[in-house]
Amino acid sequence: NKYVYDFAEGNKDLKDLLGGKGANLAEMTNLGLPVPPGFTITTEACKAYLATGREPDGLAEQIEAHLESLERGMGRKLGDPDDPLLVSVRSGAKFSMPGMMETVLNVGLNDRSVVGLSRQAGGGTDSAASGGADRFAWDSYRRLIQMFGKTVCEVPGEEFEHAIDEAKRAKGTHNDLDLDADDLRGLVDAYKKIFAKHTGREFPQEPREQLDLAIRAVFESWNAERAVVYRRQERIPADLGTAVNVVAMVFGNLGPDSGTGVAFTRDPASGAQGIYGDYLANAQGEDVVAGIRNTVPLQELERIDKTSYDELLGYMARLEEHYKDLCDIEFTIERGKLWMLQTRVGKRTAAAAFVIAGQLVDEGLIDLDEALHRVNGAQLAQLMFPRFQLDHDFEPVARGIGASPGAAVGKVVFSSGRAVELAAEGEPVILVRRETNPDDLNGMIAAKGILTSRGGKTSHAAVVARGMGKTCVSGADELDVNVPAKKFTVGGHTVGEGDIVSIDGTTGKVYLGEVPVMPSEVVQYFEGTLDPEQTDHPLVRAVHRIMSHADAMRRLRVRTNADTGADAARARRFGAEGIGLCRTEHMFLGDRRELVERLILAATDAEREDSLAALLPLQRADFIEIFRAMDGLPVTVRLIDPPLHEFLPPLEQLAVDVAVAQERGEDVAKEEALLAAVRRMHEENPMLGLRGVRLGLVIPGLFAMQVRAIAEAAVEVVRTGGSACPEIMVPLVGAVQELETVRAEAEKIIAEVVGDSGVEVLIGTMIEVPRAALTAGQIAEAAQFFSFGTNDLTQMAWGFSRDDVEGAFFWRYLELGIFGISPFESIDREGVGRLVRIAAEEGRAARPGLKLGVCGEHGGDPDSVHFFHEVGLDYVSCSPFRVPVARLEAGRATV
Ligand code: ADP
Ligand code: MG
Ligand code: MG
């Protein structure tokens, strides 16, 4: 088995075997770029090690052979006391993964080779520089002990940091560079003591032992707890393993003519072309990003070292041309000689993703299909959130984790109860907590945004906020939150209840005071108020271009969930091709509640018919408005779904009111009747109770009234020159007999109303009870279309109460990696998805051409859209704001 590859033997397509870093180092080597020589130990070796707990046969020999050839090539031996070769040991899996072991630099240094290194660095230079050489050698050694200790032997990193801070304090400086060779020699001693204290052994002096221990630590870091959890959540297979790269060291810390930096071939924030990056002279490795000294913009390198600068720019152009995408690069300059240490297709912001994809099409590097690959719906959704207008001088006071995007401004409150009170008065509030728990749920619902000082992206606050689509910044740990005192302090400011803050759930930034909010340009474009042909806004033009291609490619239609004419009209501007779900329950609220109450309490048929007759024209008017807004496009109307007692006052409140009134000797006959009805209708499990089609079968005339209102509205629209295509949807069907009964009655009414007006009304059903999915073949005999109600289907398939579980325990499920994302957010392909697949196949088998759609929240979720495309649905339906996301993803699903 070949376990070790020289850089010259690999290429960028071998990521499975060599990991991302190794594959790209090989690619650069073969392109002729100056990569320090080295080799990659494969993921296969890692897997074999993890399976058996020891290095596989032959690995040691192969490492030896490659090390020897590396030594020959460099003319130096690893850790040689007189003239040492040093190497870095770098992890690199197929996907980069937080929690995995990082990198150990300067492997091969010990008490003796540190002297050789100094001589090497000073060789052939004057005495001043050789003083620098001493310093350099001891600095490299202390770095080795620090990195080796921390990442290979799990010595707490703070101990080393303390020691170096101590050394700087003794020297009266804040700058590492002020520590001279003697200081660093002392620091090495201190580090060795720390190492020995925590590991119970001396720092290993044998170079090959250092190398082997580091390699083994990289292998083992594949199973570090954080890495395991991360993989479970992201559904990265657990058996990929990581590769290990062993690379000859080059030194950016050899003096002012050396340095290290990072570069991007385009701006990863905006996508603009240009030169972006940072450079730090006389530094090694992570110093650039660690922020210990101030970096200079990459452009400055032109002044510092023009030869290296020009060379670097040339390589950047080569790499971008070669990878046909934005690349990010790590490089080091050793005494005027440029070395390339890493490249990869770079991460970028949502806006940059679109802009760059558009530019690359313009430059002829990629085609539009490829451009569609390079962007996604989550990015588009991000670009649609309102933004803070930060052109004035607003400085964030803290930065946490952007846990749920959006821009929220409001008065600070510290308790759920206060949030509810103030919100009820119409005040926008931001709920501030150390962390949230299920008791905060009402406050979270009432708040515009949530701000916590603890917890990450999977904390309770973050998970629940995302589920609710609410702006949330979590883990802003600079905030000192004191809930009992109703205040928090940050950077010398004290913020109390009622003070205004602004939080940005995309960037995680927190501002004091009110930052103005503006709609995003992308939304203005979708609204039609920003013409992509007229604007020179690069993002809008790119979005327009890519959306047009998505629309041209996609097979899935995209409808919207809308209950009012206004929502329908907006969704149509966003590209909706009909309504997939028009809920009718809100049509029973407000001042119509009284009519509904009378309907529910009706003692006689006549009373009931009276109230239904009063509701009929109101419903008809609602439908006319919606049909007009969607003129010519299909509108799926769902007959009433929730249990009727939701339209009555709550039991406890009513009982108290009646008791109080009785006490006062008032006449409470009416209230008592109401109370009796509420008691009668009370259900322990309303979600599994008298709702949906069951209501239609139990309350005579209710569905009939709705069907009549729909048919009459359609006829009216057609009569006045419009076009209406109603589809009546029966909710919560579990057995074909239910649907047959409702349908027989409905067809009679429709025939009577429609006459020869030319209006055609379809009758179909929601598939949201698992039994309906499993008997879809039978149900399709009676249904002209299916619409998957994946919210209820998920709720009933998992047995999760949608209204309770997200706040109660999903955080734990996410933490344990039981699922990577709530099944209410993204369809559970294996379980709920399987029900969808069965129903689609069996439904179509029974009724060829059966129209299939989905109307749950999943209709606007990127991954779910791809799934619905795969199983052959005709359309997805989602909230108006999600329509562009669904259009984009439906297009992406085809390329
Ligand atoms: P990460 O995956 O965290 O970027 P790297 O393996 O790239 O880790 O290494 C961390 C830092 O060390 C980077 O700045 C890298 O450029 C630097 N580095 C790695 N190997 C060498 C080397 N052989 N010579 C000089 N610097 C190196
Ligand atoms: Mg790196
Ligand atoms: Mg439902």
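The rules behind these values
Residues numbered from 1 in each chain as written. Chains lettered and ligands numbered in written order. Predicted model: local features only at pLDDT ≥ 70, side-chain atom pairs only at ≥ 80, totals over all residues. Heavy atoms only, no water. Donors = N, O, S within 2.8 Å, 3.2 Å for Na, K, Ca; no water. Helix = DSSP H or I, 4+ residues; strand = E, 2+ residues; numbered from the N terminus. Buried < 20%, exposed > 50% of the residue type's maximum accessible area, 1.4 Å probe, protein only. Pairing = 2+ DSSP bridges. Right-handed = clockwise from strand over helix to strand, strands pointing away. Axes fitted to C-alpha atoms, helices over the stretch in contact; angles between N-to-C directions. Left-handed = near helix turned anticlockwise from the far one by under 90°. Contact = heavy atoms within 4.5 Å. Nonpolar A, V, L, I, M, F, W, Y, C, P; charged D, E, K, R; others polar. Parallel < 35°, antiparallel > 145°, perpendicular 65-115°, else oblique.

Engineer: Sorry if this is basic, but what is going on with the coordination of the magnesium ion (ligand 2) here?
Structural biologist: Reference values for coordination geometry: four tetrahedral donors around a metal ideally subtend 109.5 degrees, six octahedral donors ideally subtend 90 or 180 degrees. For the magnesium ion (ligand 2), the full set of protein donor atoms is Glu330 (OE), Glu330 (OE) and Gln342 (OE1), at a range of 2.0 to 2.5 Å. Taken together, the positions of Glu330 in strand β11 (residues 327-334) and Gln342 in strand β12 (residues 337-345) put the pair 12 residues apart, joining distant regions of the chain. For Glu330, a relative accessible area of 28% gives the class partly exposed. According to the relative accessible area criterion, Gln342 is buried, its value standing at 7%.

Engineer: How should I be thinking about the pairing of strand β29 (residues 725-730) in this particular structure?
Structural biologist: Along β29, five of the six residues are buried, which leaves the element largely enclosed by surrounding structure. As paired elements, strand β28 (residues 634-638) and β29 share five bridges and run parallel to each other. Pairing of Pro634 across the sheet is with Cys725, part of β29. Across four bridges, β29 lies against strand β30 (residues 762-767) in parallel orientation. Residue pairing for β30: Glu727 is matched across the bridge by Leu762. In this view, the connection linking β29 to its parallel neighbour β30 by way of helix α28 (residues 736-754) has right-handed handedness.

Engineer: When you look at the packing of helix α27 (residues 702-719) against α28 in this model, what are you seeing that I'm missing?
Structural biologist: Packed helices, taken two at a time, are described by the angle their axes make and the gap between the axes. Look at α27 against α28: their axes get within 9 Å of each other, and the N-to-C directions meet at 35°. Note that α27 runs across α28; the crossing there is right-handed. Counted together, Phe703, Ala704, Val707, Arg708, Ala711, Glu712 and Val715 of α27 and Val742, Glu745, Ala746, Ile749, Ile750, Glu752, Val753 and Val754 of α28 form the full contact between these two elements. Residues belonging to the contact of α27 with α28 are distributed by class as follows: 11 nonpolar, no polar and four charged.

Engineer: Would you explain the packing of helix α22 (residues 593-601) against helix α23 (residues 605-629) in this entry?
Structural biologist: The contact between α22 and α23 brings their axes to 8 Å, and the two run at 150°. In terms of orientation, α22 lies roughly antiparallel with respect to α23. Note on packing geometry: the crossing formed by α22 with α23 is left-handed. Contacts between α22 and α23 involve Leu595, Val596, Arg598 and Leu599 from the former and Arg608, Asp610, Ser611, Leu612, Ala614, Leu615 and Leu618 from the latter.

Engineer: Would you take a moment to explain the coordination of the magnesium ion (ligand 3) for this structure?
Structural biologist: Those protein atoms acting as donors to the magnesium ion (ligand 3) are Glu768 (OE) and Asp792 (OD), and they sit at 2.0 to 2.2 Å. Taken together, the residues span a long stretch of sequence, with Glu768 in the loop between β30 and α29 (770-774) and Asp792 in helix α31 (residues 790-798) at a distance of 24 residues. Classification of Glu768 as buried rests on a relative accessible area of 1%.

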